Amino acid sequence: MKSRITSLIQDYLNSKEIDEKIQFSVEYPKQEEFGDYATNTAMILAKQLKRKPVDIAEELIEFLKDNEIFEKIEIAGPGFVNFYIKPQAILEEIKSIHKDHLSYFQPMVEHKKVQVEFVSANPTGPLHIGHGRGAAIGDSISRILKYSGFQVEKEYYINDAGLQMRMLGLSTFARYKQLLGIDENVPEDGYQGEYLVDIAKDMMVEYGDALLNKKEDEAISICQKKAQDVILNDIVKTLKEFRIEFDTFFKEKKLYDSNEVDNSIEYLKSKGYIYEQDGAVWFKTTAFGDDKDRVLKKSNGAYTYFASDIAYHKNKFLSRKFDTVIDIWGADHHGYVKRMKSAIEALGIDGGSLKVILVQIVNLLRGGKKVSMSTRRAQFIELKEVLEEVGVDAARFMFLSRSVDSHLDFDLELAKKQTSENPVYYAQYAYARIKNIFKQADCELKFDDADLNNLNTKEEIDLAKAVIKFKDFIKKATEELEPYFITKGVLAIAENLHKFYNRQKVIGSEFEKERLFLLDSVAKVIKLGFDLIGVEAKEKM
RNA sequence: GCGCCCGUAGCUCAGCUGGAUAGAGCAACGGACUUCUAAUCCGUAGGUCACACGUUCGAAUCGUGUCGGGCGCGCCA
């Protein structure tokens, strides 16, 4: 509907042979009395044509007024043009939605091959609530892009080559020794969590005290391998409970085994971006606007994470040929973005092909009071626990209810409450209400002879409008990679459904068939919205 | 010190490619259940859009500065 009006205005501009670059907008007015849609075209044109906005607006109205979809068109304020759409035109849209809602809401985009990389937590411990938000966002973005027609691959990157994994091995080995009565402390900067004790117990079952007879280095490697596998399995299991499954798990080690890290450095060297200084290998990221150059290989011969990350992204773009790569990182990594983009450009790839989404932190609250978290002492709330406590639907909805770059307060008590304070139930209840009506209506769902023009109450039309408007929410979510627009759109539909429900009867009413037709369409759209954020559309509550 | 994000109602947040009287949810207060589930609806109240200056016909929105909050700045990971 919006695009239809936009193109009608474009027709007007064309008829006036006006420069196509006019950036007019078609918006939803803030207030209901200003109509269904409004455009600022006249005001924008006024500047260029040096004419009064009101005169241009009148001309525009003259051009458009005979179109059948408009009830009336008015000039308002400084030169806005307000459009009032005929209910029949709105109900026509509902017919198309009912016929094929999936294609109705699909945004027009170029269908590219895109990779979404998210979570990517090192398998050194269980996922905590912060990972949960990144996971929900990454998964939802994937769903949205897939729906929009992109070819999407979800990937989890595992840093299994660095010092942290070594530390995991050391910590596990220390726990193992403790179990055997040896006085040994987990390293100060190691992993203190209790979960390593459990893993050490498994080691006991498997190896007895045999590891003590092996070379220490080998024993640590065995511990590391075991701990990594167990923890990763646990992470995968938690994610699965959270309704997230990855297409690929990519291991950092692979980049070293296949010499891709060295090759990448060689490649950059051939382009002249590499130099040696103080025994280390440097990458001239300042050539791309970074604050300073970065080390790829330390003077002790070890590679930095940046080195493998470059190889990793080279692999994504050049070997696997993704058109767009979306990396979802915690906000504390923002200092890394510039560096990574520099690397991409040095590889000859358009910097815009890499989209880094920085997810802001989650404040965990309980009854309004902050729950303190310390990663160091492993006193964090695990995602698993949160899911058990509040449920997957509430957790996902909560995570996706704010824009990505704003801090999120996650209140465990509130997420658990089945009251109006908790929006997830508000939305789910709307869907359940519709399904309940259908259950009781006991109809065959044959709508062939439904005459939608019988729907003329304000509640029915408003509900229909909210459904049509959902198209814009999907569009925005897709363009801005912001799943919270979906959440917002679903809530807007739910609101109108509840209003309708409170004032209009369906079963036994004069226009039962027509209303069922409308509600069937609404249910389809709510279901679509829920699918895009990974929340279950419950038939009964 | 430099860089990034942020400051809007009591709380949590929308709105930010400049446009109409700044919005929503929650909390508060007052109403509506012999009803297709009241997990809902209706109404009331609530604001110096941190502050200052600038650009503009027009600024919550753009620019500069100040104050306040968060985060990042290593041959760390």
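What comes next is a walk through the structure. The model shown is predicted, which means the values in this text are computed figures rather than measured ones.

## Some details on the protein's contact with RNA strand B
Then comes step 1: Around RNA strand B sit 54 residues, and of these Phe80, Asp278, Asn436, Lys488 and Gln504 come closest.
Then comes step 2: Backbone sugar and phosphate groups make up 71% of those atoms of RNA strand B lying within 4 Å of the protein.
Then comes step 3: One of the side-chain N or O atoms of Tyr305 is found 2.7 Å from a sugar or linking oxygen in RNA strand B.
Then comes step 4: Within the contact set of RNA strand B, a base oxygen lies 2.9 Å away from a backbone nitrogen or oxygen of Met541.
Then comes step 5: Listing elements by their share of the surface near RNA strand B, those giving two or more residues are α2 (41-49), β4 (80-85), α7 (163-179), β9 (280-283), α17 (423-441) and α19 (484-503).

## Comments concerning the packing of helix α18 (residues 458-480) against helix α20 (residues 512-533)
Then comes step 1: The interhelical angle for the contact between α18 and α20, taken along N-to-C directions, is 25°, at an axis separation of 11 Å. Between α18 and α20, the angle falls in the class roughly parallel. Taken as a pair, α18 and α20 cross one another with a handedness that is left-handed. Of the residues in α20, those in contact with Glu460, Leu463, Ala464, Val467, Phe470 and Ile474 of α18 are Arg515, Leu518, Leu519, Val522, Val525, Leu528, Gly529 and Leu532.
Then comes step 2: By residue class, the composition of the contact of α18 with α20 is 11 nonpolar, 1 polar and 2 charged.

## Here's the deal with the side chain of Asp327
Then comes step 1: Along the polypeptide, Asp327 turns up in strand β11 (residues 324-330).
Then comes step 2: Looking at Asp327, its side chain comes within polar contact range of the side chain of His313, at 2.6 Å.
Then comes step 3: Other than its neighbours up to four places away in sequence, Asp327 contacts Glu117, His313, Lys316, Leu354, Lys355, Val356 and Ile357.

## What about the nonpolar core?
Then comes step 1: Of all hydrophobic cores here, the largest spans 132 residues; its most connected members are Phe105, Phe242, Phe399, Phe410, Phe470 and Phe530.
Then comes step 2: Looking at which element gives the most residues to this core, the answer is α20, with 12 residues.
Then comes step 3: Setting aside its immediate chain neighbours within four residues, Phe530 contacts Phe397, Ala427, Gln428, Tyr431, Val490, Val535, Glu536 and Ala537.
Then comes step 4: One finds Phe250, Leu268, Ala343 and Val356 within the second-largest nonpolar core, a separate group that totals 30 residues.

Conventions adopted
Residues numbered from 1 in each chain as written. Chains lettered and ligands numbered in written order. Predicted model: local features only at pLDDT ≥ 70, side-chain atom pairs only at ≥ 80, totals over all residues. Heavy atoms only, no water. Near = heavy atom within 4 Å. Polar contact = N/O pair within 3.5 Å; in protein donor to acceptor, adjacent residues only side chain to side chain. Helix = DSSP H or I, 4+ residues; strand = E, 2+ residues; numbered from the N terminus. Axes fitted to C-alpha atoms, helices over the stretch in contact; angles between N-to-C directions. Parallel < 35°, antiparallel > 145°, perpendicular 65-115°, else oblique. Left-handed = near helix turned anticlockwise from the far one by under 90°. Contact = heavy atoms within 4.5 Å. Nonpolar A, V, L, I, M, F, W, Y, C, P; charged D, E, K, R; others polar. Core = buried A, V, L, I, M, F, W, Y, C linked by side-chain atoms within 4.5 Å. Buried < 20%, exposed > 50% of the residue type's maximum accessible area, 1.4 Å probe, protein only.

Don't take any of this as a statement about function, it's just geometry.
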